[in-house]
Amino acid sequence: MNVTDIKASDIIAKIGGFNRAQAIGLNCLIFLAVREQTTVTYQYEEHDFEDIPQQIVTLCDRLDDDALLDLAGQITFSLVTEKATAALEKENAHYLVQQAIDDQNQPTLLSDY
């Protein structure tokens, strides 16, 4: 892959193993770089986010502002989707436990008479 051919989707593929803190940190660096009209590397060095690999930061600097915002949007969407999925799984688990315990909805058996 040529350096000039970097796309947000390429960076997304490389950060698939990021934990929640790293993803949020990268988003912060991106938004700060766009807001302050600096590079992601400058923000990285300024705020010392050591848990984000330098290689990812360098790749981000190859993107223009629109592509950076697209990347940040994709990261945000992933974080929101992860949170919604976890909440849904928790709600479904609660419903299944409640359903298993609640015997009022069970029909009586003929042998009960």
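This report concerns the structure included in the present document. Only a predicted model underlies this, so the values are computations on that prediction, with no experimental measurement involved.

About the cut-offs
- Residues numbered from 1 in each chain as written.
- Predicted model: local features only at pLDDT ≥ 70, side-chain atom pairs only at ≥ 80, totals over all residues.
- Heavy atoms only, no water.
- Core = buried A, V, L, I, M, F, W, Y, C linked by side-chain atoms within 4.5 Å.
- Buried < 20%, exposed > 50% of the residue type's maximum accessible area, 1.4 Å probe, protein only.
- Helix = DSSP H or I, 4+ residues; strand = E, 2+ residues; numbered from the N terminus.
- Patch = residues over 30% accessible without salt bridge, like charges linked within 9 Å, V, L, I, M, F, W, Y side chains within 5 Å.
- Areas by Shrake-Rupley, 256 points an atom, 1.4 Å probe, with all protein chains shown as cover.
- Salt bridge = Lys/Arg side-chain N within 4 Å of Asp/Glu carboxyl O.
- Lys, Arg positive; Asp, Glu negative; His and termini not counted.
- Charge placed at Lys NZ, Arg CZ, Asp CG, Glu CD.
- Axes fitted to C-alpha atoms, helices over the stretch in contact; angles between N-to-C directions.
- Left-handed = near helix turned anticlockwise from the far one by under 90°.
- Contact = heavy atoms within 4.5 Å.
- Nonpolar A, V, L, I, M, F, W, Y, C, P; charged D, E, K, R; others polar.
- Expected span 1.5 Å × (residues − 1).
- Polar contact = N/O pair within 3.5 Å; in protein donor to acceptor, adjacent residues only side chain to side chain.

Side note on the nonpolar core
Across soluble globular proteins, nonpolar side chains have a tendency to be buried as a group.
Move 1: Among the nonpolar cores identified, the biggest contains 24 residues, and Ile11, Leu26, Ile30, Val40, Cys60, Leu71 and Ile75 are the most heavily contacted of them.
Move 2: Going through the elements one at a time, helix H1 (8-14), helix H2 (20-36), helix H3 (40-47), helix H4 (54-60) and helix H5 (65-101) are the ones with two or more residues in this core.
Move 3: Counting residues per element, this core draws most heavily on H2, at 6 residues.

Structural notes on a negative patch on the surface
Move 1: There is a patch of like negative charges on the surface, built from Asp64, Asp65, Asp66 and Asp70.
Move 2: Summarising the element assignment, Asp66 is placed in helix H5.
Move 3: Relative accessible area serves as the criterion here: at 61%, Asp66 is assigned to the exposed category.

Here's the deal with unusual backbone geometry
Move 1: At Gln37, a position not held by glycine, the phi torsion is positive, near 55°.
Move 2: Inspection of the secondary structure puts Gln37 in the loop between H2 and H3.
Move 3: Backbone geometry at Asp48 places phi at a positive 55°, although glycine is not the residue there.
Move 4: Here Asp48 is to be found in the loop between H3 and H4.

Overview of the packing of H2 against H3
Move 1: Between H2 and H3, the least distance of the axes is 8 Å, while the angle of their chain directions is 115°. Where H2 crosses over H3, the two elements pack in a sense that is right-handed. Residues Leu29, Ile30, Leu32, Ala33 and Glu36 of H2 lie in contact with H3, whose contacting residues are Val40, Gln43, Tyr44 and His47.
Move 2: Its residues placed into classes, the contact of H2 with H3 shows 6 nonpolar, 2 polar and 1 charged.

Comments concerning the environment of Asp65
Move 1: Checked against the element boundaries, Asp65 lands in helix H5.
Move 2: Asp65 sits in the partly exposed class, given a relative accessible area of 41%.
Move 3: In this structure the C-alpha to C-alpha distance between Asp65 and Gln37, which are 28 residues apart in sequence, comes to 8.9 Å.

Considerations on H2
Move 1: With 17 residues, H2 extends 24 Å from end C-alpha to end C-alpha; this agrees with the ideal 24 Å at 1.5 Å per step.
Move 2: For H2, every residue scored as buried is listed here: Gln22, Ala23, Gly25, Leu26, Asn27, Leu29, Ile30, Ala33 and Val34.
Move 3: For H2, the side-chain oxygen to backbone nitrogen distance between the N-cap and Ala21 is 3.1 Å, and the N-cap itself is Asn19.
Move 4: Backbone geometry just downstream of H2 places Gln37 in the positive-phi region, at approximately 55°.

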